[in-house]
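As a plain string of letters, each chain reads:
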Amino acid sequence: EHVCQQLASLAPPTARLVVSGVVNALGELGEGDQLVEVGLMRFFAWCLVQPALKAVFCDLMLEERTAVVSCLQRCLLNSSTSPSLPAAQLHCVQAIKSLLDPSITLRDGGEDSEVVLADSLPDKESLAAFFELLVSHLGTDSTWACVEYTLETIKFALGNSYTLALLQTTQLSSTTRPCYA
């Protein structure tokens, strides 16, 4: 418990090392590392529920978007060459949901909603990449629990006018258009 409290209250430079270390470790996983991937994704999802670590991660996305998105893509878009366990996929979707959650922020709730959004969500391009991943993930042969959580995450994004507009734009420009019926 003390370790978790210490991790949640790391100073930004140290928090950045932790978050980028997790992303780098996910990027370097080999074919037989599915159990390690589950643990790393679980830890990654936990990190993004912590406001300080999420803020550092959003900043990291500005510099290393391609590397981060490819790690998440590798996990979510399960292929025969790189299969991910359903638990890893579920934690990956949980991590994305935390990134879409404006209530996970360093700001106080009484402030201007636009300022809170600006400080609590990743940049527009990163959000669009996350939405593309979520929509593409619906076309995979994932477990029902993972598909259900992915749909719940997309539904969660509909609750905010900014993420709703971005999700709509992403859907219209996407080559993958699932049927939500």
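Being a predicted model, the structure only gives us computed values, none of them experimental.

So, the overall build of the protein chain
Alright, step 1. When helices and strands are tallied, the protein chain shows 9 helices and 0 strands.
Alright, step 2. Listing each helix as α and each strand as β along the protein chain from the N terminus yields α-α-α-α-α-α-α-α-α.
Alright, step 3. Within the span of the protein chain, comprising 181 residues, buried residues form 43% of the whole.
Alright, step 4. Looking at the protein chain alone, contacts between residues at least 24 apart form 68% of all its contacts between residues at least 6 apart.
Alright, step 5. In the structure as shown, the protein chain presents an accessible area of about 9300 Å², 57% of it carried by carbon and sulfur atoms.

Section: the environment of Leu77
Alright, step 1. Relative to the helices and strands, Leu77 is located in the loop between helix H4 (51-76) and helix H5 (86-100).
Alright, step 2. Linking Leu77 and Asp141, residues 64 residues apart in sequence, is a C-alpha distance of 9.1 Å.
Alright, step 3. Ignoring any residue separated from it by four or fewer positions in sequence, one finds Leu77 in contact with Leu133, Ser136, His137 and Thr140.

Describing the nonpolar core
Alright, step 1. Grouped together as the largest cluster of nonpolar side chains are 48 residues, with contacts concentrated most on Met41, Phe44, Phe57, Leu72, Phe130 and Phe131.
Alright, step 2. When contributions to this core are tallied by element, the ones reaching two or more residues are helix H2 (12-27), helix H3 (34-47), H4, H5, helix H7 (124-137), helix H8 (144-157) and helix H9 (161-173).
Alright, step 3. Residue contributions to this core peak at 12 residues, all from H4.
Alright, step 4. Those residues in contact with Met41 that lie beyond four places of it in its chain are Leu26, Cys71, Leu72, Cys75, Ala88, His91 and Cys92.

Section: the side chain of Thr153
Alright, step 1. By the element assignment, Thr153 lies in helix H8.
Alright, step 2. For Thr153, the residues in contact, after removing those within four places along its chain, are Val93, Lys97, Leu100 and Leu134.

Re H4
Each α-helix winds once per 3.6 residues, and so residues spaced three or four apart point in a common direction.
Alright, step 1. In this model, H4 (26 residues) spans only 24 Å end to end at C-alpha, well below the 38 Å of a helix rising 1.5 Å per residue.
Alright, step 2. Of all bends in H4, the biggest is about 105°, found at Glu64.

The rules behind each value
Residues numbered from 1 in each chain as written. Predicted model: local features only at pLDDT ≥ 70, side-chain atom pairs only at ≥ 80, totals over all residues. Heavy atoms only, no water. Helix = DSSP H or I, 4+ residues; strand = E, 2+ residues; numbered from the N terminus. Buried < 20%, exposed > 50% of the residue type's maximum accessible area, 1.4 Å probe, protein only. Contact = heavy atoms within 4.5 Å. Areas by Shrake-Rupley, 256 points an atom, 1.4 Å probe, with all protein chains shown as cover. Core = buried A, V, L, I, M, F, W, Y, C linked by side-chain atoms within 4.5 Å. Expected span 1.5 Å × (residues − 1). Bend = angle between axes of the 7 residues up to and from the residue.

Structural measurements only, silent on function.
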